[in-house]
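Below are the chains, spelled out letter by letter.
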Amino acid sequence: MAVCIAVIAKENYPLYIRCSANVEDELKFHFTVHTSLDVVEEKISSTGKTSTARAPDMREFYLGQLYPSEDYRIYGYVTNTKVKFVMVVEASNTQIRDNDVRSMFRRLHNAYTSVVCNPFYILGSNISSKAFEKVVAGMIVDEQKKELFT
């Protein structure tokens, strides 16, 4: 489960950021998301340079782990329209595997596609869809539930 999920526009401004219930760390997560955009840009540009003989395979949107920090691991995903998804996961969560993160990004991408296909959504505006919020809420760690189980 993630502690922070962000959707970043092609021009690198946030369309949506949701963090776990821990308010004290919210600013830290915002900073982490924005610093990870440099790594995302590096990975995107290096993909284009390595395959000069053939076109890069842009069907694989999952960028993998962008970088680890002491307490968190940051993962990235880019759509074909260059919208970026960033997910922050606790480093202490050893149960989550790469395939789990990949499937979470696919669900997030499908929810984002549903938002964009809404005729009343204006491209580039903040995401305020209840259906999208429900998908994200299913992926975010709830601190109160976490305290009940420990």
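Description of the structure in this document. (Residues numbered from 1 in each chain as written. Predicted model: local features only at pLDDT ≥ 70, side-chain atom pairs only at ≥ 80, totals over all residues. Heavy atoms only, no water.)

Looking at the sheet that holds strand β5 (residues 84–90)
Okay, so step 1: Spatial ordering of the open sheet is given by β2-β1-β5-β4-β3, a layout of five strands whose pairing is antiparallel. What marks the edges here is a single partner per strand, and that holds for β2 (14–19) and β3 (62–68). Across this sheet, the average inter-strand angle for adjacent strands is 15°, counted without regard to direction.
Okay, so step 2: Of the strand pairs in this sheet, β3 and strand β4 (residues 72–78) are connected by five bridges, and their pairing is antiparallel. Bridge pairing in β4 links Tyr62 to Tyr77.
Okay, so step 3: Against the sheet, helix α3 (residues 130–139) makes contact with β1 (2–8) and β2, and its axis sits at roughly 40° relative to β2, the strand it touches most. (Pairing = 2+ DSSP bridges. Helix = DSSP H or I, 4+ residues; strand = E, 2+ residues; numbered from the N terminus. Axes fitted to C-alpha atoms, helices over the stretch in contact; angles between N-to-C directions. Contact = heavy atoms within 4.5 Å.)

Things to note about unusual backbone geometry
Okay, so step 1: Unusually for a residue other than glycine, Asn12 sits at a positive phi of about 70°.
Okay, so step 2: Structurally, Asn12 can be placed in the loop between β1 and β2.
Okay, so step 3: The exposure class of Asn12 is partly exposed, given its relative accessible area of 33%.
Okay, so step 4: Backbone geometry places Lys82, a non-glycine residue, at a positive phi of 70°.
Okay, so step 5: Looking at the secondary structure, you find Lys82 in the loop between β4 and β5.
Okay, so step 6: With relative accessibility at 29%, the residue Lys82 sits in the partly exposed group. (Buried < 20%, exposed > 50% of the residue type's maximum accessible area, 1.4 Å probe, protein only.)

Describing the pattern of salt bridges
Okay, so step 1: Applying the stated criterion across every chain yields a total of four salt bridges.
Okay, so step 2: Lys84 serves as the salt-bridge partner of Glu41, at 3.6 Å between the closest nitrogen and oxygen. Highlighted residues: Glu41 in helix α1 (residues 26–50) and Lys84 in strand β5, separated in sequence by 43 residues.
Okay, so step 3: Taking the relative accessible area as the measure of exposure, Lys84 reaches 1% and is therefore buried.
Okay, so step 4: With a shortest N-O distance of 3.9 Å, Asp100 and Arg97 are connected by a salt bridge.
Okay, so step 5: Judged by its relative accessible area of 53%, Arg97 falls in the exposed class. (Salt bridge = Lys/Arg side-chain N within 4 Å of Asp/Glu carboxyl O.)

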